[in-house]
Amino acid sequence: MMPRRTHGFTLIEFLVVVIIISTLGAVLLDRMWFYQEVAEKAAMEQLAGTLRSALHLQIADKLIKGKTRAVSSLAEDNPMDWLAEQPANYVGERFAPKPGEVAKGNWYYDLKDRQLVYVVARGGHFVPNRQGRKEVRFAVRVVYAPKAAQGGRENADNQEINGVILTLGEPYQWF
């Protein structure tokens, strides 16, 4: 009598298939996390660009209304107040919050430093700042240009506003 031959997988074949599928799943998961981090960075930078545009609109509004002296006061404003609608991940104003007090992936305005802060959620490729935090800080700064020299000399106190910009509070490295 001949032994019956089954038409299924052997244990070794099954093990090889499981290893291949597990490896492909791990690679797919790693790529998915990478692209989620890239998307988070892009969303953060897009909102910063939107805030820069809103700042230009605020400057134009003040200039049109003849309030040129009020342009420098924009450096004291919370940039999120310039938006018609604040993003869902903006948690409001805080005074020097402790690490972990603001959830990852959220924005807040630091009243102490007068900076807008984004707390990085997926920071596998983000280099922490000097305080060891994974966050990006933006500040509104007034840019001064020296007035024309009078009598051949420039006076350091004699400056005029050249503009107002939204700039990084400190450089960051992400990727």
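In the block above lies the structure referred to throughout.
In this text the structure is predicted, and so the values were computed from the model without any measurement.

Notes on the sheet that holds strand 6 (residues 159–168)
- Taking strand neighbours across the sheet as the criterion, the 5 strands line up as 1-2-3-5-6 in an open arrangement whose pairing is mixed. The open sheet has two free edges, formed respectively by strand 1 (90–94) and strand 6, since each of these has just one partner strand. The average undirected angle you get between the axes of adjacent strands in this sheet is 20°.
- Alignment of strand 3 (residues 115–119) against strand 5 (residues 135–146), held across 4 bridges, turns out to be antiparallel. Considered in strand 5, the bridge of tyrosine 118 is made with valine 136.
- The sheet contacts of helix 1 (residues 11–64) involve strand 2 (107–110), strand 3, strand 5 and strand 6, and relative to strand 6 the element is tilted by about 160°.

Overview of the packing of aromatic side chains
- Here the structure, examined in full by the defined rule, presents 6 aromatic pairs.
- Ring plane angle 75° and centroid distance 5.3 Å describe the contact between phenylalanine 34 and tyrosine 35, whose orientation is recorded as edge-to-face.
- Taking the ring centre of phenylalanine 34 as reference, the NZ or CZ of arginine 31 above it sits at 4.5 Å.
- Positioned above the aromatic ring of tyrosine 35 is the side chain of arginine 31, whose terminal nitrogen or guanidinium carbon lies 5.7 Å from the ring centre.

Here we look at the side chain of glutamine 115
- By the secondary structure assignment, glutamine 115 is in strand 3.
- When residues no more than four places from it in sequence are discounted, the contact partners of glutamine 115 are Tyr108, Tyr109, Asp110, Arg137, Phe138, Ala139, Arg141 and Gly169.

Topic: the pattern of salt bridges
- Enumeration according to the criterion identifies 8 salt bridges in this entry.
- The partner of lysine 65 in a salt bridge is aspartate 61, with the nearest N and O atoms 3.4 Å apart.
- When its relative accessible area of 53% is taken as the criterion, lysine 65 is described as exposed.
- Sharing partners across several salt bridges, the network here consists of Asp110, Asp113, Arg133, Glu135 and Arg137.

The rules behind the values
- Residues numbered from 1 in each chain as written.
- Predicted model: local features only at pLDDT ≥ 70, side-chain atom pairs only at ≥ 80, totals over all residues.
- Heavy atoms only, no water.
- Pairing = 2+ DSSP bridges.
- Helix = DSSP H or I, 4+ residues; strand = E, 2+ residues; numbered from the N terminus.
- Axes fitted to C-alpha atoms, helices over the stretch in contact; angles between N-to-C directions.
- Contact = heavy atoms within 4.5 Å.
- Phe/Tyr/Trp six-rings, centres within 6.5 Å; stacked < 30°, edge-to-face > 60°.
- Lys NZ or Arg CZ within 6 Å of the ring centre and 35° of its normal.
- Salt bridge = Lys/Arg side-chain N within 4 Å of Asp/Glu carboxyl O.
- Buried < 20%, exposed > 50% of the residue type's maximum accessible area, 1.4 Å probe, protein only.

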